[in-house]
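What the coordinates show
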Amino acid sequence: MPRSLKSAPVEPVQSFLAPTVRSTLRNPRAFSVEVLAGVVTTLALIPEVISFSVIAGVDPKVSLIASVVLAISMSILGGRPAMITAAAGAVALVVAPLVKEQGVEYLLPAVVMAGLIQILFGVTGLARLMRFIPRSVMIGFVNALGILIFVAQVPHLLGVPWLVYPLFVLTVLIVVGLPRVTTAVPAPLVAIVVATAITMIAHLAVPTVGDQGDVSGALPGITPLLVPLNLETLGIIWPTALSVAFVGLMETLLTAKLVDDITDTRSAKGRESWALGIANILAGLYGGIAGCAMIGQTIVNVKLGRARTRISTFVAGAFLLLLVTVLSDVMAQIPMVALAAVMMIVAITTVNWHSVRPSTLKRMPLPETIVMLATVAVVVATGNLAIGVMAGVVLAMVLFARRVAHVITVTRALAGDGASARYTVTGPLFFGSSNDLVEQFSYALDPADVIVDFSKSQVWDASTVAVLDSVEAKYRDHGASVVFEGLDARSTALHRRLTGRL
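A short tour of the structure in this document, coming up. (Residues numbered from 1 in each chain as written. Predicted model: local features only at pLDDT ≥ 70, side-chain atom pairs only at ≥ 80, totals over all residues. Heavy atoms only, no water.)

1. Observations concerning the environment of Ile-345
Within the secondary structure layout, Ile-345 lies in helix H16 (residues 336-350). Looking at Ile-345, the relative accessible area reads 14%, which means it is buried. Sequence separation between Ile-345 and Thr-313 is 32 residues; the distance between their C-alpha atoms is 21 Å. The residues contacting Ile-345, other than those within four sequence positions of it, are Val-172, Val-175 and Val-176. (Helix = DSSP H or I, 4+ residues; strand = E, 2+ residues; numbered from the N terminus. Buried < 20%, exposed > 50% of the residue type's maximum accessible area, 1.4 Å probe, protein only. Contact = heavy atoms within 4.5 Å.)

Structure (structure tokens):
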């Protein structure tokens, strides 16, 4: 191969495929796709933001305006194009106890503190920890997400007037059928517009967005600070601030990873982390509540809307602002069943059906399946994606450690004259695998000189160094000497630093 080809830098394929804002602005068709995707996403965003504002104990307009700030800020600062950020359910669940027990005035300092923690997380590069989330946990996360989205829409179909059901069927038919005719306009947008028009023209008495809460009114202005900035306030807000920061980061980074997989592009996780912190501070100062990535609405934007750039998320924020300030009367007339039907289809397409096929489960290693199912079960049981993912990661670590603990092999060979014994250790040594190592040696039967060869092994932690000290002590008690050889440079340095000091 020519030298020039060897030294030529290899760029990732996706870097050439990912559309930019500039190229999209120059392409009218691509630009219209981004704009329409942002409009559809906004309509899917509104009912969830309003619903969770009730859970958080804040005025719906506070959550809506905070969502405007978050969406626009992240469209400019964020590291994952086309991902929607707003006042989301995960954060609402976390701040609800603080608002209920201490009052809504403590929300501003808690949100600002959470934002500072997220900025620190991004600046220090801790976002790279996302690479340690196993594939089985991600699949469980996606499947649980689909279940939660679907279940959340079911109440909109129960105990409602019978006119809701024809609108539901019509919306589903349009969303499923229109793409077979044309993809020029997003099918969900057409379905919502048609259902809203029918509701308004025929004066149908069906539940609407306006029934979920007040969505009209002027902009709120800067959020006033109503509590003193002292140690007492810090003691009240810091548990909530930490929870908001980490739950928001986890859900945001998981969503970014999911969009990476869907679009075959890369995102800047560190940038996404500190950008979320800045956006939350801005949302706290002008709005009053924090947020994070909205997974279901991001799926709407990326999958149904086919958006790929920051234009769609900026349009979502700008259109939401327009709806709240100018078109609030029209927004209030949107039938909830139309939005529920769209989100149900999103839920069905979100689930990784291949992962639950019998043929797939039969081929998949049992621990992988257990981790996936456990992640789904915990998420569905708690209603919290972050808790489910943490549980899945911990279980995956335990099962991995259990498997690795049994891959260590120790072989023994006596010298021809019987004057020495040589052991060869194969496999990684850490707390899970090294505990049984001390039992692999024949202390009473071995001659006075023993050599242990670690050229096919590595020492990874203090637990292993302690085990090697124990092996050395046992041979000393039997009047024999032992030499450890073959350790790589890193293992040797670790062993020298800790041996005899544990």
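2. Section: the nonpolar core
Formed by 95 residues in total, the largest nonpolar core has its most connected members in Leu-43, Ile-133, Phe-141, Val-209, Leu-254, Ile-289 and Val-389. Among residues more than four places away in sequence, those in contact with Ile-289 are Ala-56, Val-58, Val-62, Ser-63, Ala-66, Ala-87, Val-95, Leu-107, Val-111, Ala-283 and Gly-284. One finds Ile-408, Tyr-423, Val-438 and Val-459 within the second-largest nonpolar core, a separate group that totals 24 residues. (Core = buried A, V, L, I, M, F, W, Y, C linked by side-chain atoms within 4.5 Å.)

3. Some remarks on the sheet that holds strand S5 (residues 449-459)
Strands sit in the order S3-S4-S5-S6 across an open sheet of 4 strands; the sheet is mixed. The outermost strands of the open sheet, each flanked by one partner alone, are strand S3 (409-414) and strand S6 (481-485). On average, each strand axis in the sheet is tilted by 20 degrees relative to the strand beside it, whichever way the strands run. In this sheet, S5 lies alongside strand S4 (residues 420-429) in parallel orientation, the contact comprising 9 bridges. Considered in S5, the bridge of Gly-427 is made with Ser-457. Where helix H20 (residues 462-477) meets the sheet, it contacts S4, S5 and S6, and its direction lies at approximately 170 degrees from that of S5. (Pairing = 2+ DSSP bridges. Axes fitted to C-alpha atoms, helices over the stretch in contact; angles between N-to-C directions.)

4. A few points about the pairing of S5
By the bridge criterion, 5 bridges tie S5 to S6 in an arrangement that is parallel. Note on S6: the bridge partner recorded for Ile-451 is Val-483. For the handedness criterion, the β-α-β arrangement of S5, H20 and S6 is classed as right-handed. (Right-handed = clockwise from strand over helix to strand, strands pointing away.)

5. Here's the deal with the layout of surface pockets
Computed from the structure, the second largest pocket encloses a volume of approximately 430 Å³. Val-393, Ala-396, Met-397, Phe-400 and Ala-401 are the residues nearest the centre of the second largest pocket, which is lined by 18 residues in total. Those elements giving two or more residues to the lining of the second largest pocket turn out to be helix H18 (366-382) and helix H19 (385-404). Per-element tally for the lining of the second largest pocket: the top contributor is H19, with 8 residues. Looking at the lining of the second largest pocket residue by residue, the class counts come to 14 nonpolar, 1 polar and 3 charged. (1 Å grid on protein atoms, 1.4 Å probe; cavity = no way out; pocket = protein on both sides within 12 Å on 5 of 7 lines; lining within 4 Å. Points joined across faces, edges and corners; volume = space filled by probe spheres on them. Nonpolar A, V, L, I, M, F, W, Y, C, P; charged D, E, K, R; others polar.)

6. Looking at the packing of aromatic side chains
Remark: the centre distance and the inter-plane angle together describe each pair of aromatic rings, the angle taken between the planes. This structure, assessed with the given rule, holds 7 aromatic pairs. Between Phe-430 and Phe-431, the aromatic rings sit 5.1 Å apart at their centres with planes inclined by 85 degrees, giving edge-to-face as the arrangement. Here the aromatic rings of Phe-441 and Tyr-443 are separated by 6.1 Å at their centres, their planes lie at 45 degrees, and the arrangement is tilted. Owing to a relative accessible area of 7%, Phe-441 belongs among the buried residues under this scheme. Take Tyr-443: its relative accessible area is 12%, and that puts it in the buried class. Aromatic rings pair up to connect Tyr-423, Phe-441, Tyr-443 and Tyr-475 into one cluster. The ring of Tyr-443 carries Lys-474 above its face, with NZ or CZ at 5.9 Å from the centroid. Looking at Arg-490, its charged tip hangs above the ring of Trp-460, at a distance of 3.9 Å from the centre. (Phe/Tyr/Trp six-rings, centres within 6.5 Å; stacked < 30°, edge-to-face > 60°. Lys NZ or Arg CZ within 6 Å of the ring centre and 35° of its normal.)

7. Structural notes on the side chain of Thr-171
Mapped onto the elements, Thr-171 comes out in helix H9 (residues 164-177). Within polar-contact distance, the side chain of Thr-171 engages the backbone oxygen of Leu-167 at 2.8 Å. Here Thr-171 is in contact with Ala-191, Ala-195, Ala-338, Ala-341 and Val-342, once residues within four sequence places are set aside. (Polar contact = N/O pair within 3.5 Å; in protein donor to acceptor, adjacent residues only side chain to side chain.)

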